[in-house]
Amino acid sequence: MIWLGGATGSGKTSISRILAYRHDLQLYNVDHRTFDHENRLGPRERDWTLPAGELVDVFVAYSHERWPLVVADLEALAATPAVIAEGPHLLPELVPTGAQAVFLVPSEQRIRATREERGSRPNISDRDVLLAAYIRGEAEKRGFAVVPVDRPLAEMVERVDALFTLDSLPREIDRPTVRRFENDVLARQVRLYRDSGEAPAGDWPLPFACECDEAGCADIVELTLADYERISAAGDRSPLRRSRS
């Protein structure tokens, strides 16, 4: 198991996907389990108008509450290959002591720019700035690697890759089965998102992993949820495998 955590706008999702596909690892994305976890934990009210400091406390408490569900998810995965787990809720104090873990911390300017692009409230930007400082402090306290996000994505990928040691980890993989499972998790997340009433209208394209058996394949197959469910129901997975001819 290797871990990639960090603050909003740090590129965790992109970097973890690239590394998982490059090294043929299982990919566990905490955000892809959000609605499943919320259904299991029960409904809750959110007050996004709280001051930034209180929002950090809420985020940290919620991350701790979700942690047993994250652990259960991880324990249910196949024994091989190794897993790269990523997400903002993987706080340093939750990651096992001595684990291979990297925490990405963007600058305040980058955090605020990301939140502005997403149309977030100013107090959410303030929360994320405070949360980044919290993550940095907790990671450094525990001896985990802290990496500033200060270069293009391609360079960040190589920098993070160099910090992980994969040679001793289980690597045998049934790639089509692993990627299909991850695709099913993504489809379920979007299905539950729609059921929650929070999702925007329409059927937008989603980044499903190629389910071919070629080592190191990093291809993405963009399909709507309706298309993916139609393919799954038909039983012919060939549309989810890129042709190499």
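Now for a look at the structure at hand. Each chain carries its own residue numbering, running from 1 in the written order of its sequence. Local features in this predicted model are restricted to residues of pLDDT 70 or higher, and side-chain atom pairs are both shown and tallied only at a pLDDT of 80 or more, whereas totals for entire chains, interfaces and linings draw on every residue. Based on all heavy atoms of the structure, the side-chain values leave hydrogens and waters out of the count.

In the contact formed by helix α4 (residues 108-117) and helix α5 (residues 122-141), the axes pass within 9 Å of each other and the chain directions differ by 145°. Handedness of the crossing formed by α4 with α5: right-handed. For the pair α4 and α5, the contacting residues are Glu108, Ile111, Arg112 and Arg115 in the first and Ile124, Ser125, Asp126, Arg127, Asp128, Val129 and Ala132 in the second. Here the term charged refers only to Asp, Glu, Lys and Arg, the term nonpolar to Ala, Val, Leu, Ile, Met, Phe, Trp, Tyr, Cys and Pro, and the term polar to all other amino acids, Gly among them. A class-by-class count of the residues in the contact of α4 with α5 yields four nonpolar, one polar and six charged. Inter-axis angles, ranging from 0 to 180 degrees, are taken between N-to-C directions of lines fitted to C-alpha atoms, where helices are fitted over the stretch in contact. A run of DSSP states H or I qualifies as a helix once it reaches four residues; a run of E qualifies as a strand once it reaches two. Both are numbered from the N-terminal end. Here a crossing is called left-handed whenever its near helix is offset anticlockwise from the far helix by less than a right angle, and right-handed whenever the offset is clockwise. By definition, residues are in contact when any of their heavy atoms lie within 4.5 Å.

Where burial is concerned, the two faces of strand β3 (residues 83-86) agree: the one with Val83 and Ala85 and the one with Ile84 and Glu86 are both buried. Here strand β1 (residues 2-6) pairs with β3 via three bridges, running parallel. Following the sheet pairing, Ile2 is matched in β3 by Ile84. Strands are labelled as partners when DSSP assigns at least two bridges between them. Judged from the four bridges that link them, strand β2 (residues 26-29) and β3 form a sheet pairing that is parallel. Note on β3: the bridge partner recorded for Tyr28 is Ala85. Residue exposure (1.4 Å probe, protein chains only): buried if accessible area is under 20% of the type maximum, exposed if over 50%, otherwise partly exposed.

Looking now at the sheet that holds β2. Read across the sheet, five strands follow the order β2-β3-β1-β4-β5 without closing on themselves; strand pairing throughout is parallel. Each edge of the open sheet is held by one strand with a lone partner, namely β2 and β5 (145-149). Averaged over all pairs of adjacent strands, the angle between their axes in this sheet comes to 20°, without regard to strand direction. Direction of pairing for β1 relative to strand β4 (residues 100-106): parallel, over a ladder of five bridges. Note that in β4 the partner of Gly5 across the bridge is Phe103. Contacts from helix α1 (residues 12-23) reach β1, β2, β3 and β4, with the element oriented near 175° to β3. Sheet strands touched by helix α3 (residues 52-75): β1, β2 and β3. Its angle to β2, the strand with the most contacts, is close to 160°.

Disulfides are defined as cysteine sulfur pairs within 2.5 Å. Going through the model one piece at a time under the given rule, you end up with zero disulfides. Free cysteine Cys212: the closest other cysteine sulfur is in Cys210, separated by 3.6 Å. By relative accessible area, which is 8% here, Cys212 ends up buried. Free of any disulfide, Cys217 has its nearest neighbouring cysteine sulfur in Cys212, separated by 3.6 Å. A relative accessible area of 3% means that Cys217 is categorised as buried.

With that out of the way, let us pick up the packing of aromatic side chains. Put simply, two rings from Phe, Tyr or Trp (the six-membered ring, in Trp's case) pair if the centres are within 6.5 Å, and we call them stacked under 30 degrees between planes, edge-to-face over 60, tilted for the rest. One pass over the structure, following the stated rule, counts five aromatic pairs. Aromatic side chains Trp3 and Trp67 sit 5.8 Å apart centroid to centroid with 35° between the ring planes, which places their arrangement in the tilted category. Placement of Trp3 in strand β1 and of Trp67 in helix α3 is noted, with a sequence separation of 64 residues between them. The exposure class assigned to Trp67 is buried, which follows from its relative accessible area of 15%. Residues Phe208 and Tyr228 carry aromatic rings whose centres are separated by 4.3 Å and whose planes lie at 5° to one another, so their mutual orientation is stacked. With a gap of 20 residues between them, Phe208 in strand β6 (residues 206-209) and Tyr228 in helix α8 (residues 225-234) connect regions that are remote in the sequence.

Burial in helix α2 (residues 34-41) covers these residues: Thr34, Phe35, Asp36, His37 and Glu38. Of the surrounding secondary structure, the elements contacted by the buried residues of α2 are β2, α3 and α7 (175-195). Positive phi appears at Gly42, one or two residues downstream of α2, with a value of about 100°.

This part covers the environment of Ser238. Examined against the element boundaries, Ser238 turns out to sit in the segment after α8. Taking relative accessible area as the criterion, Ser238 reaches 33% and is therefore assigned partly exposed. Separated by 89 residues in the primary sequence, Ser238 and Val149 have C-alpha atoms spaced 38 Å apart.

Locating Gly202 in the fold gives a position in the loop between α7 and β6. A relative accessible area of 47% places Gly202 in the partly exposed class. Sequence-wise, Gly202 and Leu41 are 161 residues apart; in three dimensions their C-alpha atoms are separated by 28 Å.

Next up on the list: the pattern of salt bridges. Note on definitions: salt bridges are taken to be side-chain nitrogens of Lys or Arg within 4 Å of carboxyl oxygens of Asp or Glu. With the rule as written, the count across this model stands at 23 salt bridges. Note that Arg44 is salt-bridged to Glu65, the shortest N-O span being 3.1 Å. Linking Arg44 in the loop between α2 and α3 with Glu65 in helix α3, this pair joins segments that are 21 residues apart in sequence. Residue classification places Glu65 among the partly exposed residues on the basis of a relative accessible area of 36%. Here Asp227 makes a salt bridge to Arg230, at a shortest N to O gap of 2.2 Å. Remark: Arg230 and Asp227 occur in helix α8; sequence separation between them is three residues, near one turn of the helix. By sharing partners, the salt bridges in this structure join Arg33, Asp36, Arg40, Asp73 and Arg188 into a single network.

By themselves, these observations are geometric and do not establish any function.
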